[in-house]
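Residue-level listing of the chains:
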Amino acid sequence: MLRRIVRLPRPMLRTLVPTRNYQVARLDTSLKTNYDSLTDYGSYKNNIFTHRLPESTAQQSPPLVALHSRLNLPTSYSLSTLSQALNLNKFDDGLANNFGLNTLGKNLMSYYVAEYLLIKYPRLPMPIHNAAVDSLMGVETLHEIGKSWGIEVDQSSKLEKYLSQESEFLKYGKLRFVSEQRKSQVKEDGVYELSQEEIASLHRNKSFVAKETEAYASAVRSIVGGLYTHVGEDATKAFISDHILSRKLPLEQMFQFSQPTRELIRLCDKLSFTEPVEIRLIAETGRLSAHPIYVAGAFCGVEKLGEGIGSSLAEAKTRSVVNALLSYYLYSPISADGADVKFPSDIDYKFEGIVGTGDVAI
Amino acid sequence: MPVKAIAKTSIARNGIGAFVLPCHKISVQYCNWGGSSSGLRQLLKSGKMDSIASQKSGVVFDVVKRVGHPKLIFHYNNSQKQEVDIANLEASQIVEKLNEYSQRSGAPLFKFNHKVLSNNDSVRGIWSPMHAPKSHRHKI
């Protein structure tokens, strides 16, 4: 192998060394923030002019009223807040956007989702736990939820609205994230031009999130945040468990084991099982049959940890080991009276489940 | 890394927890002149349509005046649109159509010849001949 060592001249080295690759908090200049002194956070004030939609205007928007009713939101949840939750534009019409509500909703959601997963599946390995959180409240899922709530995107420009004599109130009940400038651009069928942020997301983590997907997710989070501001925590908790935690979580399809047998042996070591792990053949149709089928079991002494069926010995063995691992990782505790265990945010909560002992290293 | 995760989105179960009506918008299209719209015109004039709309408070009703046969366009939350021709129908028949289509999920109808359609695995599991005691197994 040929390797060339290039010696850099000294001044060039100096220019290369000081790189800052950590996240630095910066003020959003578009908010026109003023402050007395940099460290006095109480004095921070945004001078960007925004106002809230008057309730009387919001009441005249049919999609907004219908969305409010479709989601069964309480009457104390004002329509103007709901409209604000659907607005992502910062500059277009001077209306308050959903930035704050989004953050609030995201925090509430991640608390309740984490609580649910940690109590319900205390032994989930960390990567699976993270994927499960994404599965319940990731951008894709929230986009799907937003769609299922019947939220529509406001895509017509001011001119198009004027020409079609569309009521100006309609847009207050629609998802507003497309800027007026982008709306007026000529669109070509089947061609989607990426925005700057989308291109950035493409480079950063190689997973493309369309602006619309992110906007829907943000609207769903903001509606949850708005519920908290108007009605409080109990209603928000009920709403999250009704709309997000009620979804089916395909946990058993989310595991990808690289060395399942080794992992099971390490796991049994960690649980200080004295007997060795053995894979035993339970039944077979016969090696010379046209389509042989084997049933293998993973045993620890006399305890059967898992069982698997396969068309070869290796397949049956691997399946039995994977089943044993899954039945350990997907264990879900129940309370003494057989009901589901209570969560820390429930009233008269008493800890009844278990605390996972962490992942095994291979 | 002992175990890697495979990303999956959770599966919606409308009606478990909360139920959100899948039909979110109905466009009611009528013609002010044609005879085929007379039933719909009567429905609109009598105020019956208003009471239906107030009953279905989660659905946006969009009344459009356009030349041609009248129709109802149902917009569902799976981005599907269903057009229903209501030419020459009486008011009561139109109300029936409204009720029928506003309760649909928007998914196309299909023939299903099995007993159960479910996201979940069978509770009892699948019967296996390999787990019967050896004396009871089928011998060739």
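Scroll up to find the structure.
Residues numbered from 1 in each chain as written. Chains lettered and ligands numbered in written order. Predicted model: local features only at pLDDT ≥ 70, side-chain atom pairs only at ≥ 80, totals over all residues. Heavy atoms only, no water.

## Side note on the packing of helix H6 (residues 126-137) of chain A against helix H7 (residues 139-148) of chain A
Residues and elements named next belong to chain A. Rules: Between the N-to-C directions of two axes lies an angle of 0 to 180 degrees, each axis being a line fitted to C-alpha atoms and, for a helix, fitted only over the stretch in contact. Runs of E in the DSSP output that reach at least two residues are strands. Runs of H or I that reach at least four are helices, and both are numbered from the N terminus. Our angle categories are set so that under 35 degrees counts as roughly parallel, over 145 as roughly antiparallel, 65 to 115 as roughly perpendicular, and the remainder as oblique. We call a crossing left-handed when the near helix sits turned anticlockwise from the far one by less than a right angle, and right-handed when that turn is clockwise. Two residues qualify as a contact provided that any one of their heavy atoms is within 4.5 Å of a heavy atom in the partner residue. By the convention adopted, Pro, Cys, Tyr, Trp, Phe, Met, Ile, Leu, Val and Ala count as nonpolar, Lys, Arg, Asp and Glu as charged, and the other residues, Gly among them, as polar.
Viewed as axis vectors pointing N to C, H6 and H7 meet at an angle of 20 degrees, and their least axial separation amounts to 5 Å. Viewed along their axes, H6 and H7 adopt a mutual orientation that is roughly parallel. Handedness of the crossing formed by H6 with H7: right-handed. Of H7, the residues touching H6 (which contributes Asp134, Ser135, Leu136 and Met137) are Val139, Thr141 and Leu142. Residue composition of the contact of H6 with H7, grouped by class: four nonpolar, two polar and one charged.

## So, the interface of chain A and chain B
Often, the extent of an interface is quoted as the loss of accessible area upon association of its parts. Basically, it comes down to this: Two parts placed together each lose some accessible area; with a 1.4 Å probe, that loss summed over both constitutes the buried area. Counted as salt bridges are all cases of a side-chain nitrogen of Lys or Arg within 4 Å of a carboxyl oxygen of Asp or Glu. Two N or O atoms form a polar contact when they lie within 3.5 Å of each other; inside protein one atom must be a possible hydrogen donor and the other a possible acceptor, and for residues adjacent in sequence the pair counts only when both atoms belong to side chains. Only strands joined by at least two bridges in the DSSP assignment are considered to pair.
On the chain B side, the residues contacting the 44 residues of chain A number 31 residues. In this assembly, chain A packs against chain B so that about 3200 Å² is buried in total across both faces, 58% of it on carbon and sulfur atoms. Area buried by chain A at its contact with chain B is led by Arg70(A), Lys248(A) and Gln256(A), which between them contribute 22% of it. Here chain A and chain B share zero salt bridges between them. For the interface between chain A and chain B, the tally reads 16 residue pairs in polar contact (both at pLDDT 80 or more). Of all the secondary-structure elements, those providing two or more residues to the side of chain A that touches chain B are helix H3 (62-70), H6, H7, helix H12 (233-243), strand S3 (255-257), strand S4 (277-284) and strand S6 (303-310) of chain A. With six residues, the single largest contributor to the side of chain A that touches chain B is H3(A). Partitioned by chemical class, the residues of the side of chain A that touches chain B number 22 nonpolar, 11 polar and 11 charged. Note that S3(A) and strand S1 (residues 3-5) of chain B share three bridges and pair antiparallel. Looking across to S1(B), one finds that Gln256(A) is bridged to Lys4(B).

## Quick notes on the nonpolar core
Stated formally: Nonpolar core, defined: a set of buried Ala, Val, Leu, Ile, Met, Phe, Trp, Tyr and Cys residues in which side-chain atoms within 4.5 Å join the residues together. For every residue, the accessible area (1.4 Å probe, protein chains only) is compared with the maximum for its type, and the residue is labelled buried under 20%, exposed over 50%, or partly exposed between those bounds. Throughout, the edges of the domains are those of an automatic or database domain assignment.
Judged by nonpolar contacts, the single largest core of 68 residues is most densely connected at Trp149(A), Ile223(A) and Ile244(A). Viewed by domain, this core spans two of them, domain 1 (55-250) and domain 2 (255-329) of chain A, each represented by three or more residues.

## Notes on the environment of Lys8(B)
Tracing the chain through its elements places Lys8(B) in the loop between S1 and strand S2 (23-30). Once the C-alpha coordinates of Lys8(B) and Val60(B) are considered, the two residues, 52 residues apart in sequence, prove to be 33 Å apart. Residues within four places of Lys8(B) in sequence aside, it is in contact with Ser135(A), Pro250(A), Gln253(A) and Met254(A).

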